Amino acid sequence: MLNVNIICVGKLKEAYWREACAEYSKRLRPFCEFSIIELPESRLPENPSAAQITSELKTEGAKILSAAGSSTLFALCIEGSQLSSEKLAEKINILSVNGISAISFVIGSSFGLSEEVKQKADFKLSMSAMTFPHQLARVMLCEQTYRAFQILNHGKYHK
């Protein structure tokens, strides 16, 4: 069974975001080993300098890459490619058929992802040209992962 991880920087503060992620996690159990890995967000001053941001992104990046291990890495970033739900399902299926046992989607902090994470990524994915709060992006990614497995298994969820 494919292992699917969402590695994210920071915790979900509101109960409704946590409940939404928990619901999709429950729905994904028949299809994959699904987990959400929350990494601590770096503490920066109110108005951090570019150097401080870069330094913290590197620190977060090292933690992200350590958590991802040898999994196929999808970095969510603005410069990534946008995929339809069907194309995401197809990409997951191709990886699985080709013997990939683990994939990790990565959501960075409010400052994004380090260049190291982006360079190591097997695929850069953009959810939209619009900007979303990280909490909502996590829920959307959980939903799209569930939708992808429904598509692959010819479920009724995707219409």
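Since this is a predicted model, take the numbers as computed values, not measurements.

Visitor: Please explain unusual backbone geometry as it appears in this structure.
Guide: Leave glycine aside and you will find that most residues have negative phi; peptide bonds, for their part, are mostly trans. Of note, the phi angle at His154 is positive, near 55 degrees, even though the residue is not glycine. Mapped onto the secondary structure, His154 falls in the segment after helix H5 (134-152).

Visitor: Can you walk me through the packing of helix H1 (residues 15-28) against H5 in this structure?
Guide: Helix-helix packing: each pair is described by the crossing angle between the helix axes and the interaxial distance. Running from amino to carboxyl end, H1 crosses H5 at an angle of 15 degrees, the nearest separation of the two axes being 9 Å. Considered as vectors, H1 and H5 are oriented roughly parallel to each other. The two elements H1 and H5 meet at a crossing, and its hand is left-handed. Of the residues in H5, those in contact with Trp17, Ala20, Cys21, Tyr24, Arg27 and Leu28 of H1 are Gln135, Leu136, Arg138, Val139, Cys142, Glu143, Thr145, Tyr146 and Phe149. Of the residues contributing to the contact of H1 with H5, the split by class is 10 nonpolar, 2 polar and 3 charged.

Visitor: Any chance you could explain the packing of aromatic side chains here in plain terms?
Guide: What describes a pair of aromatic rings is the distance from one ring centre to the other and the angle between the planes of the rings. In total, this model carries 7 aromatic pairs according to the counting rule given. Plain terms: the ring middles of Tyr24 and Tyr146 are 6.1 Å apart, the flat faces sit at 45 degrees to each other, and that makes the pair tilted. With Tyr24 in helix H1 and Tyr146 in helix H5, this residue pair connects regions lying 122 residues apart in the sequence. The burial state of Tyr24 is the same as that of Tyr146; both residues are buried.

Visitor: What should I look at first to understand the nonpolar core in this one?
Guide: Soluble globular proteins: nonpolar side chains tend toward being buried together. With 29 residues, the main nonpolar core has Val4, Ile6, Ile92, Ile103 and Phe105 as its most contacted residues. When residues of this core are traced back to their parent elements, those giving at least two are strand E1 (3-9), H1, strand E3 (72-81), helix H3 (85-97), strand E4 (102-107), strand E5 (123-125) and H5. If one sorts the elements of this core by residue count, H5 sits on top with 7 residues. Residues in contact with Phe105, not counting those within four places in the same chain, are Val4, Asn5, Ile6, Ile7, Phe74, Leu76, Leu88, Ile92, Leu125, Leu141 and Thr145. Core analysis: the next-biggest nonpolar cluster, separate from the first, contains 11 residues, Ile64, Ala68, Val106 and Val117 among them.

Visitor: Looking at this structure, I do not really get the packing of H3 against H5. What am I missing?
Guide: With their axes 8 Å apart at the nearest point, H3 and H5 run at an angle of 75 degrees to one another. Compared by their axis directions, H3 and H5 come out roughly perpendicular. Each of Ser85, Glu86, Leu88, Ala89, Ile92 and Asn93 in H3 lies in contact with H5, whose residues at this interface are Gln144, Arg147, Ala148, Phe149, Ile151 and Leu152. When grouped by side-chain class, the residues that make up the contact of H3 with H5 number 7 nonpolar, 3 polar and 2 charged.

Visitor: Is there a simple way to think about the pattern of salt bridges in this case?
Guide: Two side chains bearing opposite charge may form a pair once their charged atoms approach each other closely. Tallying each qualifying case throughout the model produces 8 salt bridges. Of the charged contacts in the structure, one is a salt bridge between Arg27 and Glu23, with a shortest N-O distance of 3.0 Å. Remark: Glu23 and Arg27 occur in helix H1; sequence separation between them is 4 residues, near one turn of the helix. Its relative accessible area of 29% is what places Glu23 among the partly exposed residues. Several salt bridges share partner residues, and in doing so they unite Lys11, Glu38 and Arg138 into one network.

Visitor: Looking at this structure, I do not really get the sheet that holds E1. What am I missing?
Guide: Read across the sheet, 5 strands follow the order E2-E1-E4-E3-E5 without closing on themselves; strand pairing throughout is parallel. Two strands bound the open sheet, and with one partner strand each, they are strand E2 (33-39) and E5. The sheet shows a mean angle of 30 degrees between the axes of neighbouring strands, taken without regard to direction.

What counts, and at which threshold
Residues numbered from 1 in each chain as written. Predicted model: local features only at pLDDT ≥ 70, side-chain atom pairs only at ≥ 80, totals over all residues. Heavy atoms only, no water. Helix = DSSP H or I, 4+ residues; strand = E, 2+ residues; numbered from the N terminus. Axes fitted to C-alpha atoms, helices over the stretch in contact; angles between N-to-C directions. Parallel < 35°, antiparallel > 145°, perpendicular 65-115°, else oblique. Left-handed = near helix turned anticlockwise from the far one by under 90°. Contact = heavy atoms within 4.5 Å. Nonpolar A, V, L, I, M, F, W, Y, C, P; charged D, E, K, R; others polar. Phe/Tyr/Trp six-rings, centres within 6.5 Å; stacked < 30°, edge-to-face > 60°. Buried < 20%, exposed > 50% of the residue type's maximum accessible area, 1.4 Å probe, protein only. Core = buried A, V, L, I, M, F, W, Y, C linked by side-chain atoms within 4.5 Å. Salt bridge = Lys/Arg side-chain N within 4 Å of Asp/Glu carboxyl O. Pairing = 2+ DSSP bridges.

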